[in-house]
Amino acid sequence: RRVPLESALPSVCAAEVYEATKRVVPPEYVRIENKTYCRDYLNRGRIRVSLKDCSAKAKNRQQLFLAVAKELPFVRSAMEQAQAMAQAQLKPNKKNKGAKDAAAAIESAKDVAAMAAAAAAEEGEESSA
């Protein structure tokens, strides 16, 4: 979906879009699905929004896209701060086995937001069932 170039961010992942959408639309009307696009199979997730019954800032799809694009920089900075805090806690020292273990822990810390989004999506699916 296209937004103006001045509102767009490069390489946005589905977890960031999901978090930004939850800021615009009440969370019970937003869900993430475990879908992929064949050309970009590493970026998993499809965000589904129900605008019919909710009282959101956006009244149609184009307004939703623009509102989410405005929220994305704030979401990205919050995720980067969380990753920086996780990296600061996992700095290798002499007692640790080495940099390999710390690097693996840092990689797993990067996926914390994606796992939280997936867990929230599962909770949403369970409550709707």
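Heads up: the structure comes first, above all this text.
Residues numbered from 1 in each chain as written. Predicted model: local features only at pLDDT ≥ 70, side-chain atom pairs only at ≥ 80, totals over all residues. Heavy atoms only, no water.

> Help me understand the pattern of salt bridges, please; the structure alone is not making it clear to me.
Close approach of charged atoms allows side chains with opposite charge to pair. Going through the model one piece at a time under the given rule, you end up with six salt bridges. Two residues, Arg23 and Glu71, come together in a salt bridge whose shortest N-O distance is 3.6 Å. Within this pair, whereas Arg23 is found in helix H1 (residues 14-24), its partner Glu71 is found in helix H2 (residues 61-89), the two being separated by 48 residues in sequence. Between Arg31 and Glu33 there is a salt bridge, with the nearest N and O atoms lying 3.3 Å from each other. You can call Arg31 partly exposed: its relative accessible area is 37%. Beyond isolated ion pairs, a larger network of salt bridges with shared partners links Arg31, Glu33, Arg46 and Arg48. (Salt bridge = Lys/Arg side-chain N within 4 Å of Asp/Glu carboxyl O. Helix = DSSP H or I, 4+ residues; strand = E, 2+ residues; numbered from the N terminus. Buried < 20%, exposed > 50% of the residue type's maximum accessible area, 1.4 Å probe, protein only.)

> Any chance you could explain unusual backbone geometry here in plain terms?
Peptide bonds are, in most cases, trans, and in most cases residues other than glycine have a negative phi. With phi around 45°, Ser11 is a residue other than glycine that occupies positive phi space. With respect to the helices, strands and loops of the structure, Ser11 is situated in the segment before H1.

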